[in-house]
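# Observations on the model geometry
Chain by chain, the residues run as shown.
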Amino acid sequence: MRKFIHKVKQHLEHTEPETHDAAFVVALESGPASRWGPFPNDNDWYRYRKQRGVNLGSWFVLERWISDSPFHGAASPAQSDLDIATGTHAQETLEHHWDTWITDADWAWLAEKGINTVRIPIGYYHICGADPSVLDGTDFANLAPIFAGAWARVTNALASAHRSGIGVLFDLHAAPGKQNADAHSGTSAPHPAFFAHPENMARTTHILAAFVAHLTAFARAHDPPLPNLVGVELLNEPQPGGHGAALKAWYRDAFRAVHAIDPGLPLYVGDAWCTDEYAGFLKAELEGGAARFVVLDHHLYRCFTSEDTAAPASEHARRLREGGEGTPQMFARVAGELEGAGGALVVGEWSAALNPGSLHGAGDERAAKREFVEAQLGLYARHCAGWFFWTYKKESGGDTGWSFRDAVDAGVFPVESSRRHAVGGVKDVGESESRRDLARDGALGEHSGYWQQFPGNYEHWRFAEGFTRGWDDAYLFASLAPSTRRGTYIEEIGFVGPWKKRRVSEHAAEKGGSNLWEFEHGFAQGLRAGGADLAA
């Protein structure tokens, strides 16, 4: 343990210019946060299940088009968190908003509608209540008294979500110097300085390490311990421009810093709208051993460009539904590449929003939007480990394109078909053994029959073992649900790549490392077959 603490401290002292407070050191001394017991455990149930989520937008990182009231006393141009903080009655305004935007009633409503995970955007300044040094040398350097109270609300969000069986993905939406030109990255400055000044990148690595250390320490110390932190997104929508190599180098540094604190914590990486490029980057990091559980985050919107405006809603839906179109092909390609390396793909932001031009001439706008949503849900179900609708709600009601609550209430979002209900509870794996063995024998016959035409040194028994393990895991995963969540919805493994990678590693340690591809192929087929049997 002393070696672990020394390693983390050495790394942070080497990569970060800031000092570390006593609370951070205490958090480090509690050791790796991922020691929750044998695999799989409660923590794994939250992290590996297919995520059906929403973004809790404008809770901590405020956006005026979502929640206007907090901006009434903001300094000009009144568009960002910094504008609110330098305006009038800032602390009172922010703390009132943090305490009222999301309440217990919201968590209960989300769980009832089948939402099992939320993505919560935060800024680095919301961490200052745990570690004041995160503000040093930044635009928020003198604003600690205004934001210090945010930390208690951030940790309470994790605890409140847990009471409803909801996982939490925290997303660093605003980094020092801002990583994109938008006001939701913390300030209203027109140009991002994150990449132009290397100290901002180093400072952000320290911020992420501090955040993970304090948050995981809170989760372990809570009574009961909180297993529902599903991951951390390192940086929302970075716009590197000509600094792509610097961004990738920074991601590697962030992987090392965060995994030194919690080796098992899933880390999410924005694709900077270069999906194939960053899928290749993550694949190389995974295969090279530099990354463990990493996830690529893609954001999909169809309402901003002139091409979006020109296409009718039905055409947008068709392009997402038909496998021969560009977007479905990209999803299939990237998801397959990542899964094979032990990673995964999620859509961290999407919506029902369409440009008015796309709805012009639509006889029934509600039906047109619903078709668009259903096409997206179908695409994500085929290729993604999860999705997060942007956003949960808006202060002004009635926006069925951007507000999940309004979309559900209006029938634009098909809650009833987006989740599988566990009618009569989850079946026991013992009841399915005869069906499993029959399915395994049939799959094994096809597998061995196919490879007979290619002479080689095979071990088809590995395929059979993989099939059995995959089938049993489909049932095992459903049974991991806490007692308070059973009998509502069927939960399934969504992060197949990382889960399969662990099972292959276990198999290799026990049975040797030859022909592991056969175990892997059998596992994938067994997992699909077991999931289908479970839902039947």
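These numbers were taken from a predicted model, which means no experiment stands behind them.

## Considering helix α9 (residues 198–221)
- Between the first and last C-alpha of α9 there are 35 Å, a value that for 24 residues agrees with the 34 Å anticipated at 1.5 Å per step.
- Within α9, 17 of the 24 residues are buried, leaving the element largely enclosed by the surrounding structure.

## Quick notes on the sheet that holds strand β7 (residues 344–350)
- Read around the closed barrel, the 8 strands follow the order β1-β2-β3-β4-β5-β6-β7-β8; overall the barrel is parallel. Strand-to-strand twist across the sheet, computed as the mean angle between neighbouring axes with direction ignored, equals 25°.
- Pairing between strand β1 (residues 51–55) and strand β2 (residues 117–123): 3 bridges, direction parallel. The residue of β2 that forms the bridge with Val54 is Val118.

## Overview of the packing of aromatic side chains
- Across all of its chains, the model carries 50 aromatic pairs by this definition.
- For the ring pair Trp109 and Phe404, a centre distance of 5.9 Å and an interplane angle of 85° mean the geometry is edge-to-face. Residue Trp109 is located in helix α6 (residues 104–112), and its partner Phe404 is located in helix α17 (residues 404–409); the two are separated by 295 residues in the primary sequence. The pair formed by Trp109 and Phe404 is uniform in burial state, with each residue classed as buried.

## Details of the pattern of salt bridges
- Counted according to the given criterion, the structure contains 39 salt bridges.
- Among the ionic pairs, Arg119 bridges to Asp297, the shortest N-O distance being 3.7 Å. With a gap of 178 residues between them, Arg119 in strand β2 and Asp297 in strand β6 (residues 294–299) connect regions that are remote in the sequence. Neither residue differs from the other here; Arg119 and Asp297 are each classed as buried.
- The shortest N-O distance in the salt bridge between Asp473 and Arg503 comes to 2.8 Å. One end of the pair, Asp473, is in helix α20 (residues 460–479); the other, Arg503, is in helix α21 (residues 496–511), and 30 residues separate them in sequence. Grouping residues by exposure puts Asp473 and Arg503 together as buried.
- Where salt bridges share partners, they join Glu307, Glu315, Arg318, Arg319, Glu322 and Glu325 into one cluster.

## Thoughts on the environment of Asp472
- Mapped onto the secondary structure, Asp472 falls in helix α20.
- Classification of Asp472 as buried rests on a relative accessible area of 17%.
- The spatial distance from the C-alpha of Asp472 to the C-alpha of Gly531 is 9.4 Å, given a sequence separation of 59 residues.

## What to know about the side chain of Lys369
- Note on placement: Lys369 falls in helix α16 (residues 365–383).
- Buried and unpaired, Lys369 has no salt bridge, with Asp399 as the nearest side chain of opposite charge at 5.1 Å.
- A polar atom in the side chain of Lys369 sits 2.9 Å from the side chain of Thr400.
- Lys369 has contacts with Ala352, Leu359, Thr400, Gly401 and Val412, leaving out every residue within four places of it along the chain.

## Topic: the confidence of the model for the chain
- Averaged over every residue, the pLDDT of the chain is 91; the share at 70 or more is 89%.
- Between residues 1–35, whose pLDDT stays under 50, and residues either more than four places distant or in other chains, the model counts 65 contacts.

## Re the packing of α9 against helix α10 (residues 244–261)
- In the contact formed by α9 and α10, the axes pass within 9 Å of each other and the chain directions differ by 25°. Here α9 lies roughly parallel to α10, going by the angle between them. The handedness of the crossing between α9 and α10 comes out as right-handed. The residues of α10 that touch α9, namely those facing Met201, Thr204, Thr205, Leu208, Ala209, Val212 and Ala213, are Ala246, Leu247, Trp250, Asp253, Ala254, Ala257, Val258 and Ile261.
- In the contact of α9 with α10, the residues fall into 12 nonpolar, 2 polar and 1 charged.

## Quick word on the environment of Asp171
- For Asp171, the location among the structural elements is in strand β3 (residues 167–174).
- The exposure class of Asp171 is buried, given its relative accessible area of 0%.
- A sequence separation of 52 residues divides Asp171 from Arg119, and the C-alpha atoms of the two residues are 6.7 Å apart.
- Not counting the four nearest positions on each side in its chain, Asp171 is found in contact with Arg119, Ile120, Pro121, Ile122, Glu233, Leu235 and Asn236.
- Side-chain polar atoms of Asp171 contact the side chain of His173, separated by 2.5 Å.

Each value, and the rule that gives it
Residues numbered from 1 in each chain as written. Predicted model: local features only at pLDDT ≥ 70, side-chain atom pairs only at ≥ 80, totals over all residues. Heavy atoms only, no water. Helix = DSSP H or I, 4+ residues; strand = E, 2+ residues; numbered from the N terminus. Expected span 1.5 Å × (residues − 1). Buried < 20%, exposed > 50% of the residue type's maximum accessible area, 1.4 Å probe, protein only. Pairing = 2+ DSSP bridges. Axes fitted to C-alpha atoms, helices over the stretch in contact; angles between N-to-C directions. Phe/Tyr/Trp six-rings, centres within 6.5 Å; stacked < 30°, edge-to-face > 60°. Salt bridge = Lys/Arg side-chain N within 4 Å of Asp/Glu carboxyl O. Lys, Arg positive; Asp, Glu negative; His and termini not counted. Polar contact = N/O pair within 3.5 Å; in protein donor to acceptor, adjacent residues only side chain to side chain. Contact = heavy atoms within 4.5 Å. pLDDT = per-residue confidence, 0-100. Parallel < 35°, antiparallel > 145°, perpendicular 65-115°, else oblique. Left-handed = near helix turned anticlockwise from the far one by under 90°. Nonpolar A, V, L, I, M, F, W, Y, C, P; charged D, E, K, R; others polar.

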